[in-house]
Amino acid sequence: MHYKSLNFSKYSSFKLGGTFNVALLEKNTQSYNGYYLIGGCNNILIGNNPPPLMMLSKEYDYIKIEENILKIGAATPSGKIASFCKKHNIANFEFLSHLPGKLGGLVFMNAGLKEVEIFNHLLFITTPSGEKNKNELQYGYRYTNITEPILEAAFELSYGYDKEKVQIFKTMRANQPSTPSAGSCFKNPPNDYAGRLIEAVGLKGKMRGDMCFSQKHANFLVNTNKGRFEDALWLIQEAQKRVYETFNISLECEIIVLDKAYMSSDSPLTCP
């Protein structure tokens, strides 16, 4: 098995974390059991002692059209997909121009903006055990039940790239901070907004070391300089604790925390 050394303080969107060896899932890889698969690290908080990590090799970074179906390798960055669709006048992927990540991660969490989700035009995915049609998968708001590595995803092919949609999505992202973060920290609970709840319990702008809940958007946990995992984790758990005590609402993380000690915790307020 081949490995790649990654400095997460440079690689992850949080600009936080140490340097770890990451196994490469290649076309001849026999087993992925025991590894946590990562992509572009745009929604991951890496801990001081992460589980064994694996990522797809560049073999899975491709876009092709076959039999009127758009097939995309799971290691393909969202920006590359957006550029391809713009160049070839392909519709329904305009939102990816403002949504960082690699395709596998976007599909795994059913990423999107508002009502526009990656699953809207999905046909099937390919995993090491074979193809799985969309109707075989469970999915919802920022959720799927996919348990295997996604190697490729196939989508309906429609033409008519819409520049106005790109502008709309750009406007939707305008209130989000540009400071290093992993996107929305928590999922919005039913009929409410995580940002509103965090602000209501007095944590908007709250600093812990160099980490804080952004003054621009309270549901963004940002790294203002040289943030540490411990400070990020404290803020996450403090927000969950205060919101639960005040509103009896359990905030569920949208970001993924990768740290052995944290992942083994039995606390009902921990992130998955």
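Scroll up to find the structure.
What comes next concerns the included structure.

What counts and what doesn't
- Residues numbered from 1 in each chain as written.
- Predicted model: local features only at pLDDT ≥ 70, side-chain atom pairs only at ≥ 80, totals over all residues.
- Heavy atoms only, no water.
- 1 Å grid on protein atoms, 1.4 Å probe; cavity = no way out; pocket = protein on both sides within 12 Å on 5 of 7 lines; lining within 4 Å.
- Points joined across faces, edges and corners; volume = space filled by probe spheres on them.
- Nonpolar A, V, L, I, M, F, W, Y, C, P; charged D, E, K, R; others polar.
- Salt bridge = Lys/Arg side-chain N within 4 Å of Asp/Glu carboxyl O.
- Helix = DSSP H or I, 4+ residues; strand = E, 2+ residues; numbered from the N terminus.
- Buried < 20%, exposed > 50% of the residue type's maximum accessible area, 1.4 Å probe, protein only.
- Pairing = 2+ DSSP bridges.
- Axes fitted to C-alpha atoms, helices over the stretch in contact; angles between N-to-C directions.
- Contact = heavy atoms within 4.5 Å.

1. A look at the layout of surface pockets
Right, so step 1: Approximately 170 Å³ is the volume found for the second largest pocket.
Right, so step 2: Lining the second largest pocket, in full, are Lys 4, Tyr 11, Leu 24, Met 55, Leu 56, Ser 57, Lys 58, Asp 61, Ala 75, Pro 77 and Lys 102.
Right, so step 3: Counted by class, the lining of the second largest pocket contains six nonpolar, one polar and four charged residues.

2. A short note on the pattern of salt bridges
Right, so step 1: One pass over the full model with this rule turns up 14 salt bridges.
Right, so step 2: Across the salt bridge formed by Arg 142 and Glu 117, the nearest N and O atoms sit 3.8 Å from each other. You can see Arg 142 sitting in the loop between strand S12 (139-140) and strand S13 (143-144) and its partner Glu 117 sitting in strand S9 (residues 116-117), a full 25 residues away along the chain. Judged on exposure class, the residue Arg 142 and its partner Glu 117 are both buried.
Right, so step 3: Residue Glu 199 pairs with Lys 204 through a salt bridge whose shortest N-O separation is 3.7 Å.
Right, so step 4: Residues joined in a network through salt bridges with shared partners are Arg 208, Arg 228, Glu 230 and Asp 231.

3. What to know about the sheet that holds strand S6 (residues 63-66)
Right, so step 1: Taking strand neighbours across the sheet as the criterion, the five strands line up as S6-S7-S14-S10-S11 in an open arrangement whose pairing is antiparallel. Bordering the open sheet on either side are S6 and strand S11 (130-133), each of which pairs with just one other strand. Ignoring strand direction, the axes of neighbouring strands in this sheet form an average angle of 25 degrees.
Right, so step 2: Across four bridges, the pairing between strand S10 (residues 122-127) and strand S14 (residues 152-156) is antiparallel. The partner of Leu 122 across the bridge, within S14, is Phe 155.
Right, so step 3: Contacts from helix H2 (residues 78-87) reach S6 and strand S7 (69-73) within the one sheet, and its direction differs from that of S6 by about 45 degrees.

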